[in-house]
Amino acid sequence: MTDASCIFCKIIAGELPAEMVYQDEQVSAFRDLHPKAPIHILIVPNMHIPSTNELTSQDVTIAGHLLAAAPKIAEIEGIFERGYRLIANTGRDGRQEVPHLHVHFLGGQPMQHPLG
Ligand code: AMP
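Rules of the game
Residues numbered from 1 in each chain as written. Predicted model: local features only at pLDDT ≥ 70, side-chain atom pairs only at ≥ 80, totals over all residues. Heavy atoms only, no water. 1 Å grid on protein atoms, 1.4 Å probe; cavity = no way out; pocket = protein on both sides within 12 Å on 5 of 7 lines; lining within 4 Å. Points joined across faces, edges and corners; volume = space filled by probe spheres on them. Helix = DSSP H or I, 4+ residues; strand = E, 2+ residues; numbered from the N terminus. Nonpolar A, V, L, I, M, F, W, Y, C, P; charged D, E, K, R; others polar. Pairing = 2+ DSSP bridges. Axes fitted to C-alpha atoms, helices over the stretch in contact; angles between N-to-C directions. Contact = heavy atoms within 4.5 Å. Buried < 20%, exposed > 50% of the residue type's maximum accessible area, 1.4 Å probe, protein only. Phe/Tyr/Trp six-rings, centres within 6.5 Å; stacked < 30°, edge-to-face > 60°.

1. Considering the layout of surface pockets
To find leftover empty space, a probe the size of one water molecule is rolled over the atoms. By volume, the largest pocket amounts to about 750 Å³. Lining the largest pocket are 30 residues, and of these Asp32, His40, Leu42, Glu97 and His104 lie nearest its centre. Broken down by secondary-structure element, the contributors of at least two residues to the lining of the largest pocket are helix H1 (7-12), strand S2 (27-31), strand S3 (39-45), strand S4 (84-87) and strand S5 (103-107). Looking at which element gives the most residues to the lining of the largest pocket, the answer is H1, with three residues. Residues that form the lining of the largest pocket fall into these classes: 14 nonpolar, nine polar and seven charged.

Following this line, the structure appears as structure tokens:
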């Protein structure tokens, strides 16, 4: 259930370097290479799923694990009380660049409201 050409699959397998913040049997979370906030972490399923478009009702457990990792990461990073933002980009209009489903975890500063 991995894609040999996928950079996030390689990070999960330890074949590419990344600063891993959290990892369990379902998900991995590592620091974004080009952080857009003081804390910018990517939460990804260990299984290769290209984007939210490929999620089916079979995947509700993995989707839940992705979200449930967020409060654990917030505790690790010491921002549980302050809060954070989660973003999932999908496809061309969503500006998704890496075709392995990921949730951006952003924190460490007050965010602008995304809808203005
Ligand atoms: P997206 O535009 O939602 O697909 O975001 C992809 C994110 O992956 C970007 O924020 C990149 O900075 C990040 N990224 C790309 N390659 C790596 C890498 N090798 N390690 C960590 N983050 C990466």
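Structure's up, so let's keep going.
2. Examining the sheet that holds S5
Taken together, five strands build an open sheet; the order of strands is S1-S2-S3-S5-S4 and the sheet is antiparallel. Among the strands making up the open sheet, the edge pair consists of strand S1 (20-23) and S4. Strand-to-strand, the axes of this sheet are offset by a mean angle of 20°, without reference to chain direction. Across five bridges, S3 lies against S5 in antiparallel orientation. Bridging across to S5, isoleucine 43 finds its partner in valine 103. Those strands touched by helix H2 (residues 60-77) are S1, S2, S3, S4 and S5, and its axis lies near 150° from that of S3.

3. Overview of the pairing of S5
Burial analysis of S5 places five of its five residues in the buried class, which makes it a mostly covered element. Both S4 and S5 contribute to a ladder of four bridges, which runs antiparallel. Among the inter-strand pairings, leucine 86 is bridged to a residue of S5, identified as phenylalanine 105.

4. Points about the packing of aromatic side chains
On inspection of all chains with the given rule, the structure shows two aromatic pairs. Centre to centre, the rings of tyrosine 84 and phenylalanine 105 are 4.6 Å apart; their planes meet at 20°, and the pair counts as stacked. Of this pair, tyrosine 84 sits in strand S4 while phenylalanine 105 sits in strand S5; the two residues are 21 residues apart in sequence, bridging distant segments of the chain. Looking at tyrosine 84, the relative accessible area reads 32%, which means it is partly exposed. Classification of phenylalanine 105 by relative accessible area gives buried; the value is 0%.

Keep in mind that these numbers describe shape and distance, not what the molecule does.
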